[in-house]
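# Overview (structure and organization)
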Amino acid sequence: MRYDQARYGDEDRYQPLLSEKDSTTVDPGAGSALPDELTRDSLELPSLSEPELARHYTRLSQMNWGVESGSYPLGSCTMKYNPKFTEEVAADENAAIHPDRPDETSQGNLKLRYDLQRYLADIGGMSEVTLQPPAGAAGEFTGITVAKAYHSFHDNDKSEVIVPASAHGTNFATAAMAGYDVVELPSGEDGRVDFEALEAAVSEDTAALMLTNPNTVGLFERDIVDIAELVHDAGGLLYYDGANLNALLGRGRPGDMGFDIMHYNVHKTFATPHGGGGPGAGPVGVVSELAEFLPTPHVRARDEDGEIITDGANRADLTYERYEPPESIGKVHGFDGNWLVLAKAYAYIARLGDEGLRDASAKATLNANYLAEQLEMDVPYGPFHHEFAATAGETDAADVAKRMLDFGVHPPTTKWPEFVPEAMLTEPTEVEGQTELDDLAAAFNAAVGDDEEALAAAPSRTAASRIDQVSAARDPQLSWHALDDNVGTDSERTAADEPVAGDD
Amino acid sequence: MLDDIGVDSEAELFDIPDEVAFDGELGIEQRSERAVVSELRETFAQNDDLVEFLGRGHYSHYVPSLVDNLSARSEFLTSYTQYQPEITQGFLQALFEYQSILTELTGLPVANASMYDAATALGEAALLAERVRAASGSTVLVPEALREGKRETLANYVDGSQLTVETYPYEEGTVDTDALADAVDDETVLVYAETPTVAGAVEPALETVADLADDTDALFAYGSDIVALGLLEEPAAVGADVVVGEAASLGLPAADGMGTGLFACRDDFLRQVPGRLVGAAEDESSRRAFTLTLQTREQHIRKERATSNICTNQAWVALRTAMHAATLGADGLADLADSSVRRAHGLAAEIDEIDGVAAPVHDRHHFREFQVSVADAPVDASETAAGLRDHGYAVHTVGDQRLQVCVTETNEHATDGLVAALQEVTA
Ligand SMILES: Cc1ncc(COP(=O)(O)O)c(C=O)c1O
């Protein structure tokens, strides 16, 4: 397919910055109700009329790519279509409330929160779910903090968290942030957890093993029951990174596999828009022994007799209240998480129901396997679920990705996970039809087969041509105040490479 | 497609061992779009219809229609992190503009592309202080009157580090500088102070706080929100090393606690900053372009040595915040901020007229909100709040004898009613 992205600008730059159009400077202190010593005396901000602003942002949007622009098979990110009606639902004015209202005056939002807790608990095979963490990584941090609280409650002396080499960077960073030593587990020959290596790594120091399943190249960890037993026997907990839950919807539940804690990545699995990098939401589910450690407040329901109802999704006769779980870790967000995202996720799950959820995992898996089959590239390992990592072989995966941009598709995640050389981690999701998958395969095949010159010259049809990230990092200019005049005029490009792995 | 792969059904593709495969029912009923929309409309209608005079860290300002309309463009809304900058220049530029607006407001040269919210931004500031601190020491000092969401989130963020959190007292609703001077010592790595405070008071002693921190080489973290920064002393000018706070007071209406974390700091901390940074770059055609930069700080490259575990952030809200700020311009923002003072002062004065009721409790200037004492009224705070609720108003209670009231352009129309109701309830 041929594609040309909109490209506004002139010889030196693309769309001018707001500040390059017009600015005004005011003295906020002058005439203020506050005394002079409490106020600033200068504030300069862009000054544009509404039509100018509308044009500015419309142009910027045209110089951007979203799921509605075309295929966006960014592996591990689950770039599904985001159903429009969920926006409408989340924008309901009655839901636009303040979190400090008393419970009896916010029964609507509390009901949705409770019902979503129950839906997620059922989908994951967990006992209780907190909605507070605002993204996947925040969910990891919450989950590992719960694990820490559990171990300290039971006087377990634990110092290590085991993370497979193929795991997402957030797993390592989270474990370290929570104060654990990170033990990295090498990948086995078949791309899965190397059970012997795991046996060697697990010890009485093991607080938790963090795992995603299917793993980051779409392979199911077949030994999961043995893995769980091994970790549990050492007194450790098993943590599930929910980034890949889309593959399991309605077909497998982390709780049934022996996982004790999991996060749900709702901006992936439950189709809430990724928003250019967020907001997301990262609810955390736990088994019953861990429920008392969840963040505060947690939402629960009572029936007309005042009995606490632990599994009452979608009932009309309950009242909802917030409470503090007895051994709560406290809070992980200033309030109760990313409400708008949670509301959209509920709407999506309700629309799909059991049937739609099972269809989603089926179609996502079918699409990944079909696409892998069409590629004239080596795709190691298998069988795959919702994603796979093709290898660009001798070619630089980043170059192949840049070339793909010229064919009107977004490329996959590149150079990750590292155990697949020049990886192109591809997740088409269930939303693509066969024609789109064929076009996507054609883009891969054309790009990977292109000569060096063509690859080096790519992309040429996007708003900007190849961007020099190395110089940008060497001479950081992070605001319009910092722009120096060299940017946008000729300067030598350098070949050295700042790692520019797209991650997930 | 099944034929191409050589299977008879999708089910064959799943490599889930029988013992853990799920073949039960989740019991979630599939509904039509229309049914879900009307179900949720009914659900949300179960929230009482109240005029909220609520703040304490989560604010409701009028969001111009332009923001909703343009941020909803699918090229923005349905995109993700700009791993391929050539095809995502639009969002990168918008985030660069967001960072620029924050550097203008804070006077600090580095602002990131967003944290989750003010509480997590404070947690990140503490961890940054631990990383950049040259000398030993491990205490973070925060005001005793800190919203519990911030206090507890901070406690969780530092729990895996060497840091411990200690509090210093307030006097008349703002920093007790003598007590702070006693509290700061060689162990201190960070002093956090906010303006406005959780009770809405404008902090008059920021420079003293900065000096106290500086005396022991501790960092001074200035907490605020993006609207207040349009009027209050510029953080850099009073000696702030880091600024954290709420950015979504512009860009999002009341959203049941959802926000966006503002994070800015000094230049020399650049390589220790958490989260995404967008920088200017050049493309092959020598035109100025934008890209994510200094990514070697981040988890996807640096793993357990990353400056933070944050990945997905609040980018789309940051876009909205920038749109809202740009719509206001310098005049509009300064005006909105000044009105936030005038409205608070005006409403406090009216409330203070009521017998047995006193406002503001603190003899300070206030921004958007203030506390009200009902100590001399025949009802306590929760009875008063319940009475107001019956009249259709929501206010905070703070302990047994105080309320807290927040006023902006979104509830100003109802202040007369609130005052009348308060008079009646406390009579
Ligand atoms: C495998 C995996 N784990 C964790 C995360 C972190 O999630 P988030 O970006 O929502 O913080 C991601 C995605 O970004 C991921 O792909």
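Each remark here, short or long, concerns the structure printed above.
The following paragraphs examine the structure supplied in this document. (Residues numbered from 1 in each chain as written. Chains lettered and ligands numbered in written order. Predicted model: local features only at pLDDT ≥ 70, side-chain atom pairs only at ≥ 80, totals over all residues. Heavy atoms only, no water.)

This part takes up the site of the ligand. Near the ligand, the surroundings consist of 16 residues, among which Ser76(A), Ala137(A), Asp241(A), Lys268(A) and Thr312(B) are the closest. Near the ligand, residues from chains A and B are present, making the site a shared one. Contact between the ligand and Ala137(A): an oxygen atom at 2.7 Å from a main-chain N or O atom of the residue. Between His267(A) and the ligand, the recorded distance is 2.7 Å, taken from a side-chain N or O atom to an oxygen atom. Taken by itself the ligand offers 390 Å² of open surface, and the protein chains cover 100% of this. (Near = heavy atom within 4 Å. Polar contact = N/O pair within 3.5 Å; in protein donor to acceptor, adjacent residues only side chain to side chain. Areas by Shrake-Rupley, 256 points an atom, 1.4 Å probe, with all protein chains shown as cover.)

Going through the model one piece at a time under the given rule, you end up with zero disulfides over all chains. No disulfide involves Cys311(B); its sulfur sits 7.4 Å from that of Cys77(A), the nearest cysteine. (Disulfide = S-S within 2.5 Å.)

One finds Phe270(A), Ile349(A) and Val242(B) to be the most contacted residues of the largest nonpolar core, which totals 137 residues. The element that contributes the greatest number of residues to this core is helix H10 (residues 339–374) of chain A, accounting for 14 residues. In this structure Ile349(A) touches Leu116(A), Tyr119(A), Leu120(A), Ile123(A), Phe270(A), Leu357(A) and Ile28(B), once residues within four positions along its chain are discounted. Formed by 88 residues, the second largest nonpolar core is a distinct cluster that contains Leu77(B), Ala210(B), Leu212(B) and Val278(B). (Core = buried A, V, L, I, M, F, W, Y, C linked by side-chain atoms within 4.5 Å. Buried < 20%, exposed > 50% of the residue type's maximum accessible area, 1.4 Å probe, protein only. Helix = DSSP H or I, 4+ residues; strand = E, 2+ residues; numbered from the N terminus. Contact = heavy atoms within 4.5 Å.)

Taken together, the side chains of Glu196(A), Glu199(A), Asp223(A), Asp226(A), Glu229(A), Asp233(A), Asp18(B), Glu19(B) and Asp23(B) define an acidic patch exposed on the protein surface. The set of elements that each furnish at least two residues to the negative patch consists of helix H7 (195–201) and helix H8 (224–233) of chain A. In terms of residue count, H8(A) provides more of the negative patch than any other element does, three residues in total. Looking at the secondary structure, you find Glu19(B) in the loop between helix H1 (2–5) and helix H2 (33–45). (Patch = residues over 30% accessible without salt bridge, like charges linked within 9 Å, V, L, I, M, F, W, Y side chains within 5 Å. Salt bridge = Lys/Arg side-chain N within 4 Å of Asp/Glu carboxyl O. Lys, Arg positive; Asp, Glu negative; His and termini not counted. Charge placed at Lys NZ, Arg CZ, Asp CG, Glu CD.)

Three- or four-residue spacings in an α-helix give side chains the same orientation, since the helix completes a turn every 3.6 residues. Residues and elements named next belong to chain B. For helix H6 (residues 118–132), built from 15 residues, the straight-helix expectation of 21 Å at 1.5 Å per residue is met to within 8% by its first-to-last C-alpha distance of 21 Å. The element H6 is extensively covered by neighbouring structure, given that 12 of its 15 residues are classed as buried. Buried within H6 we find Ala118, Ala119, Thr120, Ala121, Leu122, Gly123, Glu124, Ala125, Ala126, Leu127, Leu128 and Ala129. Two to three positions downstream of the cap, the backbone nitrogen of Ala119 sits 3.3 Å from a side-chain oxygen, assigning the N-cap of H6 to Asp117. (Expected span 1.5 Å × (residues − 1).)

Below, the discussion takes up the sheet that holds strand S13 (residues 369–373) of chain B. Residue and element names in this part refer to chain B. One open sheet accounts for three strands, arranged S13-S16-S15; its pairing is antiparallel. The outermost strands of the open sheet, each flanked by one partner alone, are S13 and strand S15 (396–398). On average, each strand axis in the sheet is inclined to that of its neighbour by 30 degrees, with strand direction left out of account. Of the strand pairs in this sheet, S15 and strand S16 (residues 402–406) are connected by three bridges, and their pairing is antiparallel. Across the sheet, residue Thr397 finds its bridge partner in S16, namely Leu403. The strands touched by helix H11 (residues 315–352) are S13 and S16; relative to S13, the strand with the most contacts, the crossing angle is about 10 degrees. (Pairing = 2+ DSSP bridges. Axes fitted to C-alpha atoms, helices over the stretch in contact; angles between N-to-C directions.)

So, about the pairing of strand S7 (residues 188–194) of chain B. Residues and elements named next belong to chain B. Across the seven residues of S7, seven count as buried, placing the element largely inside the fold. As defined by bridge partners, strand S3 (residues 139–143) adjoins S7 across three bridges and the pair is classed as parallel. When the bridges of S7 are listed, Thr139 appears paired with Thr188.

So, on to the pattern of salt bridges. Inspection of the entire model under this criterion finds 47 salt bridges over all chains. Residue Glu39(B) is joined to Arg31(B) by a salt bridge in which the shortest nitrogen-to-oxygen separation is 2.5 Å. The exposure class of Glu39(B) is buried, given its relative accessible area of 18%. Note that Glu298(B) is salt-bridged to Arg297(B), the shortest N-O span being 3.7 Å. Arg297(B) shares its class with Glu298(B); the two are buried. By sharing partners, the salt bridges in this structure join Asp10(A), Arg13(A), Glu20(A) and Arg288(B) into a single network.

Residue and element names in this part refer to chain B. By the element assignment, Tyr222 lies in strand S8 (residues 219–225). When the C-alpha atoms of Tyr222 and Thr177 are compared, they prove to be 15 Å apart, with 45 residues separating the residues in sequence. Only 2.9 Å separates the side chain of Tyr222 from the backbone oxygen of Glu233, close enough to count as a polar contact.

A few words on the sheet that holds strand S14 (residues 413–414) of chain A. The three strands are arranged S13-S15-S14 (chain A) in an open sheet whose pairing can be described as antiparallel. Each edge of the open sheet carries a strand with a single partner, namely strand S13 (388–391) and S14 of chain A.

Let us look at the interface of chain B and chain A. How big an interface is tends to be stated in terms of the accessible area lost upon association of its parts. The interface of chain B with chain A comprises 157 residues on the first partner and 196 residues on the second. Here chain B meets chain A over a buried area of about 15,500 Å², counting both sides, of which 59% is carbon and sulfur. Inspection of the chain B/chain A interface yields 13 salt bridges. A salt bridge links Lys303(B) to Glu418(A); the shortest N-O distance between them is 3.6 Å. (Buried area = accessible area lost by both parts, 1.4 Å probe.)

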